[in-house]
Amino acid sequence: MDSDEVKYWVAFSRIPTIGWARFTLVDGYFGSLEKALSAGGAELEAAGLDQRSVKAVLSRRPTVSPEAEMERLARLEIETFTIRDPGYPHLLREVYEYPPVLYVKGKILPEDERSVTVVGTRKPTAYGREVAHQIAGDLARSGVTIVSGLARGIDAVAHRAALEAGGRTLAVLANGLDTVYPPEHASLAQEICRRGALISEH
């Protein structure tokens with residue numbers, strides 16, 4: 001996708017209430033997120049947005065600068081992928097409500113498609129930690145990328161096991177990439193960026 005158009009996808013993603021369904025509506029109607037971002041209320045309604053979303057676009061867009069958003073992402077070393085980019089994860093395209101914009105800190109590689117997700121309780125038993133560590137480590141040594149969520153408990157065990165095994169790991173976050181949560185996983189997050197990636201739709 002043209003870099004000029006990407007910044008408008010990023011800006012649109014910063015507007016509350018605009019998720020996959022509304023992205024699809026406005027992109028299909030206008031053919032350009034730049035046009036959608038500058039459209040009037042009547043045009044946005046014609047595109048299929050409800051009044052709540054129209055109000056969100058009209059009230060938020062004066063405070064969102066596409067250029068400033070891209071500069072901020074560059075400072076934070078965060079890459080942006082839209083559903084139209086060839087670098088967007090192939091398997092994620094097959095999800096019904098795929099994230100229109102994906103933010104990545106680190107690198108997603110083609111071999112990461114051979115992956116297994118390991119998630120679990122935030123308060124595991126000692127046995128649970130041991131088994132999760134063994135399974136994730138064995139998979140990583142076999143060339144499988146370990147995917148988890150950087151949360152306390154089993155998620156962190158899985159990431160660390162993959163790293164200790166010399167493998168790759170991806171952390172899919174519920175929060176934006178400018179914040180590490182929980183904060184005690186800051187060093188783990190940095191190591192994941194070196195040997196995988198942090199990924200978020202925020």
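What you are looking at is a predicted structure, and each value in this text was computed from that prediction instead of being measured.

*Asks:* Help me out: how do you make sense of the overall build of the protein chain in this one?
*Replies:* Along its length, the protein chain carries 9 helices and 6 strands. The principal-axis extent of the C-alpha atoms belonging to the protein chain is close to 60 × 30 × 30 Å. Taking all 202 residues of the protein chain together, the buried fraction comes to 45%. Of the contacts made within the protein chain by residues no fewer than 6 positions apart, 67% connect residues no fewer than 24 positions apart. Of the roughly 10,600 Å² that the protein chain leaves accessible, carbon and sulfur atoms contribute 53%. Taking the average location of the 24 positive side-chain charges in the protein chain and that of its 27 negative ones, the two points are 5 Å from each other.

*Asks:* What exactly am I supposed to notice about helix H9 (residues 186-194) here?
*Replies:* At 3.6 residues per turn, the α-helix brings residues three or four places apart onto the same side. Among the residues of H9, those classed as buried are Leu188, Ala189, Ile192 and Cys193. Mapping the buried residues of H9 onto a view down its axis gives an arc of 145°, with all of them on the same face. Buried residues belonging to H9 abut strand S2 (101-106), helix H8 (154-164), strand S5 (169-172) and strand S6 (196-200).

*Asks:* Looking at this structure, I do not really get the packing of aromatic side chains. What am I missing?
*Replies:* Remark: the centre distance and the inter-plane angle together describe each pair of aromatic rings, the angle taken between the planes. According to the stated counting rule, one finds 5 aromatic pairs in the structure shown. Ring centres 6.0 Å apart and planes at 85° place the aromatic pair tryptophan 20 and tyrosine 98 in the edge-to-face group. On the criterion of sequence distance, the pair formed by tryptophan 20 in helix H2 (residues 20-30) and tyrosine 98 in the loop between strand S1 (79-82) and S2 is long-range, its members being 78 residues apart. Each of the two residues, tryptophan 20 as well as tyrosine 98, counts as buried.

*Asks:* How should I be thinking about the sheet that holds S2 in this particular structure?
*Replies:* Pairing between sheet strands relies on hydrogen bonds along the backbone, with the strands arranged either parallel or antiparallel. Read across the sheet, 6 strands follow the order S1-S2-S6-S5-S4-S3 without closing on themselves; strand pairing throughout is mixed. Two strands close off the open sheet at either side, each with one partner strand: S1 and strand S3 (115-117). Averaged over all adjacent pairs, the angle separating strand axes in this sheet is 25°, with direction ignored. Note: strand S4 (residues 145-148) against S5, 3 bridges, orientation parallel. Looking across to S5, one finds that valine 147 is bridged to leucine 170. Sheet contacts for H8: S4 and S5; angle to S5, the most-contacted strand, approximately 155°.

*Asks:* Can you walk me through the packing of H8 against H9 in this structure?
*Replies:* Two numbers describe a pair of packed helices, the interaxial angle and the distance between the axes. The interhelical angle for the contact between H8 and H9, taken along N-to-C directions, is 45°, at an axis separation of 11 Å. The orientation of H8 with respect to H9, classified from their angle, is oblique. Crossing angle aside, the handedness with which H8 passes H9 is left-handed. Judged by residue contacts, Ala156, His159, Arg160 and Leu163 of H8 engage Leu188, Glu191 and Ile192 from H9. Across the contact of H8 with H9, the residue classes break down as 4 nonpolar, 1 polar and 2 charged.

Definitions and cut-offs
- Residues numbered from 1 in each chain as written.
- Predicted model: local features only at pLDDT ≥ 70, side-chain atom pairs only at ≥ 80, totals over all residues.
- Heavy atoms only, no water.
- Helix = DSSP H or I, 4+ residues; strand = E, 2+ residues; numbered from the N terminus.
- Buried < 20%, exposed > 50% of the residue type's maximum accessible area, 1.4 Å probe, protein only.
- Contact = heavy atoms within 4.5 Å.
- Areas by Shrake-Rupley, 256 points an atom, 1.4 Å probe, with all protein chains shown as cover.
- Lys, Arg positive; Asp, Glu negative; His and termini not counted.
- Charge placed at Lys NZ, Arg CZ, Asp CG, Glu CD.
- Arc of directions from axis to C-beta.
- Phe/Tyr/Trp six-rings, centres within 6.5 Å; stacked < 30°, edge-to-face > 60°.
- Pairing = 2+ DSSP bridges.
- Axes fitted to C-alpha atoms, helices over the stretch in contact; angles between N-to-C directions.
- Parallel < 35°, antiparallel > 145°, perpendicular 65-115°, else oblique.
- Left-handed = near helix turned anticlockwise from the far one by under 90°.
- Nonpolar A, V, L, I, M, F, W, Y, C, P; charged D, E, K, R; others polar.

By themselves these figures say nothing about function.
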